[in-house]
Each structure stands twice: as structure tokens, then as C-alpha cells.
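Working through the structure, step by step
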Amino acid sequence: MEEKSGSWGEINMILNRLLNLAGVKAYPMLVSTRDNGKILSNFTNIYQINKLVSYVPVDSTKYYVLDATDKYNVYNEVPFDLLNSYGLYLNKPKNEYPLVFMKNGAQVRQAVFINADINPDGTMNGTAQISSFSYHKGTRLELHKMLDEEKYKQYLTENDNNLKITSLQLEDAEVDSLPLMQNVNFKLDLPGTDDKYIYFNPNLFTSLHSNPFLSKERVSDIDFGCSNIYTINGRYKMPAGYKIDAMPKMETLVMHDRSIIFKRIIGEQDGYIVVNYVINYKKSLYSHADYADIYAYFKQMTEMLNEQIVFKKI
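Residues numbered from 1 in each chain as written. Predicted model: local features only at pLDDT ≥ 70, side-chain atom pairs only at ≥ 80, totals over all residues. Heavy atoms only, no water.

1. Describing the sheet that holds strand E10 (residues 197-200)
We apply this condition: Paired strands are those between which DSSP finds at least two bridges. Strands here mean DSSP runs of E at least two residues long; helices mean DSSP runs of H or I at least four residues long; both are numbered from the N terminus. The angle between two axes is taken between their N-to-C directions and runs from 0 to 180 degrees, where each axis is a line fitted to C-alpha atoms and a helix contributes only its stretch in contact.
Taken together, the three strands give an open sheet; going across it, the order is E10-E18-E13, and neighbouring strands pair in antiparallel fashion. Two strands in the sheet have a free side with no partner beyond their single neighbour: E10 and strand E13 (242-246). Pairs of neighbouring strands in the sheet enclose a mean axial angle of 30°, with direction left out of account. In this sheet, strand E18 (residues 309-313) lies alongside E10 in antiparallel orientation, the contact comprising four bridges. By the bridge assignment for E18, Phe200 is matched with Ile309.

2. A few points about the sheet that holds strand E6 (residues 108-118)
If you trace the eight strands from one edge of the open sheet to the other, you get E8-E9-E7-E6-E12-E16-E15-E14, paired in mixed fashion. Each having just a single partner strand, strand E8 (163-171) and strand E14 (251-254) make up the two edges of the open sheet. Along the sheet, successive strands turn relative to each other by an average axial angle of 10°, direction set aside. As paired strands, strand E7 (residues 123-132) and strand E9 (residues 180-189) are joined by 10 bridges and run antiparallel to one another. Residue pairing in the sheet places Gly126 in a bridge with Phe186 of E9.

3. Thoughts on the packing of aromatic side chains
What counts here: Any Phe, Tyr or Trp ring, taking Trp's six-membered ring, that has another such ring centre within 6.5 Å forms a pair; planes under 30 degrees apart are called stacked, those over 60 apart edge-to-face, and the others tilted. We call a residue buried when its accessible area falls under 20% of the maximum for its residue type, exposed when it is over 50%, and partly exposed in between, using a 1.4 Å probe and counting protein chains only.
Across all of its chains, the model carries 21 aromatic pairs by this definition. Here Tyr86 and Phe101 contribute two aromatic rings whose centre-to-centre distance is 5.2 Å and whose plane-to-plane angle is 65°, an arrangement assigned as edge-to-face. Of this pair, Tyr86 sits in strand E4 (residues 85-89) while Phe101 sits in strand E5 (residues 99-102), and the two are 15 residues apart along the sequence. With relative accessibility at 25%, the residue Tyr86 sits in the partly exposed group. Its relative accessible area of 32% is what places Phe101 among the partly exposed residues. Look at Phe224 and Tyr286: their rings are 6.1 Å apart centre to centre, the planes differ by 85°, and that puts the pair in the edge-to-face class. Here the residue Phe224 occupies a position in the loop between strand E11 (222-223) and strand E12 (228-237), and Tyr286 occupies one in strand E17 (residues 285-286), the gap between them amounting to 62 residues. When its relative accessible area of 2% is taken as the criterion, Tyr286 is described as buried. Three or more aromatic residues joined by ring pairs form one cluster here, namely Phe213, Phe224, Tyr230, Tyr281, Tyr286, Tyr291, Tyr295, Tyr297 and Phe298.

4. Things to note about unusual backbone geometry
Residue Lys4 is not a glycine yet carries a positive backbone phi of 55°. Overall, Lys4 belongs to the exposed group, its relative accessible area being 76%. Phi is positive for Asn159, close to 60°, though the residue is something other than glycine. Within the secondary structure layout, Asn159 lies in the loop between helix H3 (149-157) and E8.

5. Focus: the environment of Lys216
Our working definition: Contacts are assigned to residue pairs with any non-hydrogen atoms lying within 4.5 Å of each other.
Tracing the backbone shows Lys216 in the loop between E10 and E11. C-alpha separation for the pair Lys216 and Tyr291, spaced 75 residues apart in sequence, amounts to 8.4 Å. Aside from chain neighbours lying at most four places away, what touches Lys216 is Tyr291 and Tyr295.

6. Topic: helix H4 (residues 291-305)
To keep things clear, this is the line we draw: In this analysis, the expected span of each helix is defined as 1.5 Å times one less than the number of residues it contains.
The first and last C-alpha atoms of H4 sit 21 Å apart over 15 residues, in line with the 21 Å expected at 1.5 Å per residue. All buried positions along H4 are accounted for by Tyr291, Ile294, Tyr295, Tyr297, Phe298, Met301, Thr302, Met304 and Leu305. Residues of H4 that are buried make contact with E11, E12, E14, strand E15 (260-269), strand E16 (272-281) and E17.

7. A closer look at the nonpolar core
Selection rule: Throughout this description, the term nonpolar core refers to a set of buried Ala, Val, Leu, Ile, Met, Phe, Trp, Tyr and Cys residues connected via side-chain atoms within 4.5 Å.
If you look at the biggest cluster of nonpolar residues, it comprises 50 residues, and the most contacted ones within it are Met124, Phe186, Phe205 and Tyr236. Here this core takes eight residues from H4, the largest share from any one element. Ignoring anything within four residues of it in the chain, the contact list for Phe205 reads Val112, Ile114, Ala128, Ile130, Leu156, Thr157, Leu163, Ile165, Val184 and Phe186. Core analysis: the second largest hydrophobic core is formed by 16 residues, Val53, Tyr63, Met102 and Tyr135 among them.

8. Considering a nonpolar patch on the surface
To keep things clear, this is the line we draw: Patch construction takes residues with relative accessible area above 30% that form no salt bridge. Like charges are linked within 9 Å, and nonpolar side chains (Val, Leu, Ile, Met, Phe, Trp, Tyr) are linked within 5 Å. Per-residue and other accessible areas were derived by the Shrake-Rupley procedure at a 1.4 Å probe size, with only the shown protein chains allowed to occlude residues. Salt bridge, as used here: a side-chain nitrogen of Lys or Arg that lies within 4 Å of a carboxyl oxygen of Asp or Glu.
Side chains of Met1, Ile14, Leu18 and Leu21 sit close together on the surface and give an oily, nonpolar patch of about 460 Å² of accessible area. With respect to the secondary-structure elements, Ile14 resides in helix H1 (residues 8-21).

9. Here's the deal with the pattern of salt bridges
Under the defined criterion, the tally for this structure stands at eight salt bridges. A salt bridge links Glu251 to Arg264; the shortest N-O distance between them is 3.0 Å. Here Glu251, found in strand E14, pairs with Arg264, found in strand E15; they are 13 residues apart in sequence, far enough to count as distant. You can call Glu251 partly exposed: its relative accessible area is 33%. As a salt-bridge pair, Lys283 and Asp257 come within 3.6 Å of each other at their nearest N and O atoms. Pair noted here: Lys283 is in the loop between E16 and E17 and Asp257 is in the loop between E14 and E15, with a separation of 26 residues, a long-range link. In this structure Lys283 comes out as partly exposed when scored by relative accessible area, which is 29%. Several salt bridges share partner residues, and in doing so they unite Arg34, Lys38 and Asp223 into one network.

In C-alpha cells form, the structure reads like this:
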């Protein structure tokens, strides 16, 4: 305490002690982070454990897992680094040491809304509002603190040299109950544009451009951590002197077990292109035996996300 430094275990044992002094029954819990690998429930040993946190049981279904060394996690969510793994909590007074499976049953949201003008010279300028909830908020805040302003902007644009952020403001970073709001002004040079055609992909300011599953074979299970729901909404003013030459169809792509649903709604309205994409992940864990289906689904979904709208000069 005097040196204001300590290991994971030391800091969380201080938290554990303070909670008990305040009348909250808290216990030490031994866990393994995602990088270290999952604790095996049928063969637990000390080599699988690399961290100590504080565990607060409430009833047979509700509990809190608290890590005082994680600056960006909120108290009522299991730290992302521990999701879908077991923790061994130590109830010494009762001589009980049960394993607890840690999960987050709620879906975590990430939303993007864009309002922009497409210009006849093949450029776009507009605003974007990126709403990051729960674990997405923690990740963005941690990156914003680690990176300088320009590098964080590059992260938001996925290092796309055609996309430039001219201003960025963050709101509600310190309010746990609210999402992180990132308000962006941007300019975009639309690649592939010539004197007759303008090409445009509305999938902007997301991390959904690349397929994470490239190999046709996989030997390990898939763990997304938590279930997610992504929404991409946009309103784009059409370029003067141009008409729509090609536009993606409205479609719904459903995983065979309905655990992932991708909906694409897109159309023209009063001189604007209006888009709404929703990706609903209802599961966070998949067996490697299901990989062929996952591989095929993500391949098709990524292709659909990257389909372009084409404008032709009148």
C-alpha cells in the first residue's frame, strides 16, 4: 500500500479484504486468463492457474467476479479475459473449493450510424457515431489510452489510406452505465472511381471487412467470449448527375442452427441510399466439429458485407 504497487494477487487480496470489512462476503478465486488457456474442470492443477481475483456469490445463479487490476471492466460483468472458463473459489471457513463456470449471458452491442454526402468527384464527407457497449467500450478506452490520437484514428479506419478522420470526440468515457460514444467527422476517397462510375461500400468504421476464418481446417474450438450484436446504419446522399447502376439485394443469411443471423436492408429513398445491416451472434462457443459450417457462413457473410453500390453518370 505504501509503495502503491503490487501483483495481481496482492491487489485483489486487498480488494477482498476491504469487501469483507464492508460486510460483503468475498472470497479469493484462482483463474486462468484467455492467453494462458482454459482451466480443465476434470483435471485441474496449479499450472493451469495464472491469476487471482475476488469472487462474490449472491445466490445460486448470481455472482460477481471482480478484478481490481482491470481499469476498464465494470463490476457487474465478468472480466472478458476470464469468460467461458472455470474459476476455483476458496471458501476456507467451510472448507469448500468448488469450480464456477464464468460466462456473460447478455448480448454485447456495437453500433455505427453514418450520415454522409457522396460527391460527383468520387469523394465522400460526413459524420459517424460509433456506440460501444460493455466489453467493446473497455477495449476502445484501453486502446485510446495506449495509442496517440493519430494511431487511434488509424485503428478506427483500419489503416485505410483513403479514409481520413478530421475530428474525433469521445463522450461518456467515465460513465459505466452508458456506452462510449465516438463522434467522428471524416472524408473518404472512393477507390475505383472513374469518369463514368462511382463505387461505394457502406461497411465503414467496423472491424467486419476481413474474414477471421481463412483456414479450411481447425483443430480447436471457437470462443468469441460473449454473444454480440452489431448494427450498421447509414444515410448517404447520392451524387448529383448519377443514378444507381447496381445495388446489393435485401437478404437474410441464417446459420443452420440459427445461432448467427445477418440481415441486410438497403434501398433508395428521396435521393438517399439508406442501409441497415444487423449481425446477431446468439452463441459464443462453437465446437471445432462445427467449423465447416462456420467457415462457409463467414465466407459468405464477409462477401455480402463488402458488396458495393455502383453509381453511373447520367
